[in-house]
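Structural overview for review
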Amino acid sequence: MPLSLQAPILFGLLAALVTSVGLIAVAVRSEWTARQSGLFSLAAGGMLISLTLLHIAPEALAMNGRAPYFMLVGFFGGLLLSSGITAIFPEKAGGRSQALTPLLAVGLHSFLDGVIYSVTFAASFEAGVYASTSLIMHEFAEGVIAFAILARHGFRVREAVIWAFLAAGATTPLGALVSGLFLTGLGPDVVAALYAISAGLLVYVATGPLMQPLKEEPPLRGVAALGAGILIAMLLLLTPLHGHGGHDHAHDHDHDHIHLLKDPSGIHPSD
């Protein structure tokens, strides 16, 4: 199995593990965990927007001349998907049915996280680590949120833990596996386009859903959590990351392939 497939599946499983930890914590100490979930979300948002703007987006621009258009598609695609779920599955009055819309939103978001793992690792090992690590940070909060939704609508603790794990935890490695198998047959130009779309989607996730707790948390605590995420991102960017030698070689070959698509002469400006 190639590293470009192994790595996203591994990070997907790690994300599921972090979600499980969040579910265990909320089941044992529900009130404290629920209070801290917003801070985890804000820290993840600060980390994700920093890594996206400072590394992932610039790399997407270098790989594809039309990256800004694809990034725009990714940003508004995430917005439309989030709004579309609510429109297609409106909350109905009474009991457990009210949990359907928010739970579907959590499940789709978690599945797309796994897709992003595969796309970013297919384009660059470093970008894959950056995107996956920052996204994993919010999995703890995501598990807590899913549990809270179910508990609020009449699910018992055991039922809430099981359904929350299926929605927020199991869908991430599933998304990584399905998209990873699909990506193996695509050329580097298509991967570059999907990578740019994922960058736009990451911007939406970081500035939209993950920033929602800013409206609920005390200003000082919210800004501190956001700043902590940004600081973690800066430290991660200073850490040298290297993939397997064969993967790095393939990545260099992909860049050459993309360049040839733009300039069939094969002559680089620096030659």
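Residues numbered from 1 in each chain as written. Predicted model: local features only at pLDDT ≥ 70, side-chain atom pairs only at ≥ 80, totals over all residues. Heavy atoms only, no water.

1. Concerning helix α8 (residues 171-183)
- Across its 13 residues, α8 extends 18 Å between first and last C-alpha, which sits within 8% of the 18 Å expected from 1.5 Å per residue.
- When we look at burial in α8, the residues that qualify are T171, T172, P173, G175, A176, S179, G180 and L183. (Helix = DSSP H or I, 4+ residues; strand = E, 2+ residues; numbered from the N terminus. Expected span 1.5 Å × (residues − 1). Buried < 20%, exposed > 50% of the residue type's maximum accessible area, 1.4 Å probe, protein only.)

2. Here we look at the confidence of the model for the protein chain
- Averaged over every residue, the pLDDT of the protein chain is 77; the share at 70 or more is 79%.
- Ranking the helices and strands of the protein chain by mean pLDDT puts helix α10 (residues 219-237) first, with 89, and helix α11 (residues 245-262) last, with 40.
- pLDDT under 50 marks residues 243-271. Its contacts with residues more than four places away, or in other chains, come to 31 contacts. (pLDDT = per-residue confidence, 0-100. Contact = heavy atoms within 4.5 Å.)

3. Some points on the side chain of S50
- Assignment of secondary structure puts S50 in helix α2 (residues 30-63).
- Of the residues examined, S50 reaches a relative accessible area of 10% and is grouped as buried.
- Beyond its immediate sequence surroundings of up to four residues, S50 is in contact with I230, A233 and M234.

4. Here's the deal with the pattern of salt bridges
- The tally for this structure, following the rule as stated, stands at 1 salt bridge.
- The salt bridge partner of E217 is R221, with a shortest N-O separation of 3.6 Å.
- Residue classification places E217 among the buried residues on the basis of a relative accessible area of 14%. (Salt bridge = Lys/Arg side-chain N within 4 Å of Asp/Glu carboxyl O.)

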